[in-house]
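Residue-level structural notes
For reference, the chains in residue letters:
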Amino acid sequence: MEMERYLSQMAVKEIFPSGQKIIESSSVVVVGMGGTGSAIAEVMVRMGIKKITIVDYDTIENSNLNRQAMYRESDIGLKKVDVAKAELLKINNYVSVESVDQKLISSNAEGILSKADIIMDGTDNYDARHVLNVASVNLNIPWIFSAVEGTYGYVKAILPGKTSCLSCFGYPDKGEGISCTVQGVLPSAVRAISSLACSIALKVLMDKETYGDLIYLDVWKPLLEVMQIPRNKECRVCGTQKD
Ligand SMILES: [Zn+2]
């Protein structure tokens, strides 16, 4: 029965034959269960990832429902991780789902992330991404940066020791960022960026992605650009100037 569930993705030549085995033996941690994180989690669980750990401390609000497709009106006021865990298990009961009702900070990050094969970014601020970046480099676990603003967003694979990290190109390491309701975010851009992040993650898991380019995608213009980001030897997170 389970074989049947995955037939259409296994028929994709980029996945078949070894890819599905890798997916079904991999563990992913998704930090942030907002629009991007919950869409990433849904794709990973539908595709049959072995284990997913979801991390969030927020509750569901009315203003989330336009783009956070995991949640319904009846979920308002409930914890995102609780609703998401229940929904993900309804989608695929063969996947192991663990929820962590905590804010990821530097003191708990390595404990939460250490067993992952890959870490996915569903966060929405500079502080959280900096914590992810430092923990990923220290643990030597790849992570996929993804960020959405307005009609566009960015995705980048960060493979410690192989590619540039977030700090290599001067991404801010502090700050809450501007909230979605102030800066605006197009729901379809959230879906596009989360889909792109999933594809890049699968390639990293299958060892087919080691270059770590920064991918820019605007779903309105529309426009896609791929930018090479070289490693910075003096990077404060992954280079010789490491704190
Ligand atoms: Zn770096």
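Heads up: the structure comes first, above all this text.
Residues numbered from 1 in each chain as written. Predicted model: local features only at pLDDT ≥ 70, side-chain atom pairs only at ≥ 80, totals over all residues. Heavy atoms only, no water.

So, empty space enclosed by the protein
Under the defined criterion, the tally for this structure stands at 1 cavity of 30 Å³ or more. Approximately 30 Å³ is the volume attributed to the largest cavity. Together, Val137, Ile158, Leu159, Pro160, Gly161, Thr163, Ser164, Cys165, Arg231 and Cys238 line the largest cavity. In terms of residue class, the lining of the largest cavity is made up of 6 nonpolar, 3 polar and 1 charged. (1 Å grid on protein atoms, 1.4 Å probe; cavity = no way out; pocket = protein on both sides within 12 Å on 5 of 7 lines; lining within 4 Å. Points joined across faces, edges and corners; volume = space filled by probe spheres on them. Nonpolar A, V, L, I, M, F, W, Y, C, P; charged D, E, K, R; others polar.)

What to know about the layout of surface pockets
Of the volumes computed, that of the second largest pocket is approximately 160 Å³. Asp117, Asn140, Pro142, Leu159, Pro160, Lys162, Val204, Leu205 and Asp207 are the residues that line the second largest pocket. A per-class count over the lining of the second largest pocket returns 5 nonpolar, 1 polar and 3 charged.

So, a negative patch on the surface
A grouping of Asp58, Glu61, Asp124 and Glu176 is seen on the molecular surface, where their side chains present a negatively charged patch. Here glutamate 61 shows up in the loop between β2 (51–55) and α5 (80–91). Glutamate 61 sits in the partly exposed class, given a relative accessible area of 41%. (Patch = residues over 30% accessible without salt bridge, like charges linked within 9 Å, V, L, I, M, F, W, Y side chains within 5 Å. Areas by Shrake-Rupley, 256 points an atom, 1.4 Å probe, with all protein chains shown as cover. Salt bridge = Lys/Arg side-chain N within 4 Å of Asp/Glu carboxyl O. Lys, Arg positive; Asp, Glu negative; His and termini not counted. Charge placed at Lys NZ, Arg CZ, Asp CG, Glu CD. Helix = DSSP H or I, 4+ residues; strand = E, 2+ residues; numbered from the N terminus. Buried < 20%, exposed > 50% of the residue type's maximum accessible area, 1.4 Å probe, protein only.)

A few points about the pairing of strand β1 (residues 27–31)
Most of β1 is tucked away, with 5 of its 5 residues classed as buried. In terms of strand pairing, β1 meets β2 through 5 bridges, oriented parallel. Its bridge partner being in β2, valine 31 is matched across the sheet by valine 55. After leaving β1, the chain enters helix α4 (residues 35–46) and then returns to the sheet as β2, a path that is right-handed. (Pairing = 2+ DSSP bridges. Right-handed = clockwise from strand over helix to strand, strands pointing away.)

Looking at the pattern of salt bridges
Evaluation of the coordinates by the stated rule reveals 7 salt bridges. Residue lysine 13 is joined to glutamate 14 by a salt bridge in which the shortest nitrogen-to-oxygen separation is 3.0 Å. For lysine 13, a relative accessible area of 66% translates into the label exposed. Owing to a relative accessible area of 45%, glutamate 14 belongs among the partly exposed residues under this scheme. The residue arginine 46 makes a salt bridge to glutamate 42 at a minimum N-O spacing of 2.8 Å. Of this pair, arginine 46 and glutamate 42 both sit in helix α4, 4 residues apart, which is roughly one turn of that helix.

Points about the nonpolar core
With 40 residues, the main nonpolar core has Met33, Ile52, Ile54, Ile118, Met120 and Ile144 as its most contacted residues. With 10 residues, the top contributor of residues to this core is helix α9 (residues 187–205). If near-sequence neighbours (up to four positions away) are discounted, methionine 33 is found in contact with Ser38, Ala41, Ile54, Val55, Asp56, Gln68, Met70, Tyr71, Lys80 and Ala84. Listed in part, the 28 residues of the second largest apolar core include Ile119, Val137, Ile141 and Ile229. (Core = buried A, V, L, I, M, F, W, Y, C linked by side-chain atoms within 4.5 Å. Contact = heavy atoms within 4.5 Å.)

Details of the pairing of strand β4 (residues 118–121)
Looking down a regular strand, the side chains alternate between one sheet face and the other. Neither face of β4 is exposed, since Ile118 and Met120 on one face and Ile119 and Asp121 on the opposite face are all buried. With 4 bridges connecting them, β1 and β4 associate as parallel partners. The residue bridging valine 29 from the neighbouring strand is isoleucine 119, located in β4. Looking at chain direction, β4 and strand β5 (residues 143–149) are connected through 2 bridges and run parallel. When the sheet's bridge partners are listed, isoleucine 119 is paired in β5 with tryptophan 143.

Considerations on the coordination of the zinc ion
All of the protein donors around the zinc ion are Cys165 (SG), Cys168 (SG), Cys235 (SG) and Cys238 (SG); their distances to the metal are 2.3 Å. Each of the 4 donor atoms around the zinc ion contributes to a set of angles spanning 96 to 122 degrees, which defines the coordination as tetrahedral. Sequence spacing among the residues donating to the zinc ion works out to C-x2-C-x66-C-x2-C. Of the two residues, cysteine 165 is situated in the loop between β6 (152–158) and α8 (180–183) and cysteine 238 in the segment after β8 (223–227); the sequence distance between them amounts to 73 residues. Across the pair, exposure class does not vary: cysteine 165 and cysteine 238 are buried alike. (Donors = N, O, S within 2.8 Å, 3.2 Å for Na, K, Ca; no water. Tetrahedral: all angles 85-135°; square planar, octahedral: opposite > 155°, others 65-115°.)

Digging into the side chain of asparagine 125
Relative to the elements of secondary structure, asparagine 125 occurs in the loop between β4 and α7 (126–139). Here aspartate 124 takes part through its side chain, which lies 3.1 Å from a polar atom of the side chain of asparagine 125. When near neighbours in sequence (up to four residues on either side) are disregarded, asparagine 125 contacts Gly175, Glu176 and Gly177. (Polar contact = N/O pair within 3.5 Å; in protein donor to acceptor, adjacent residues only side chain to side chain.)

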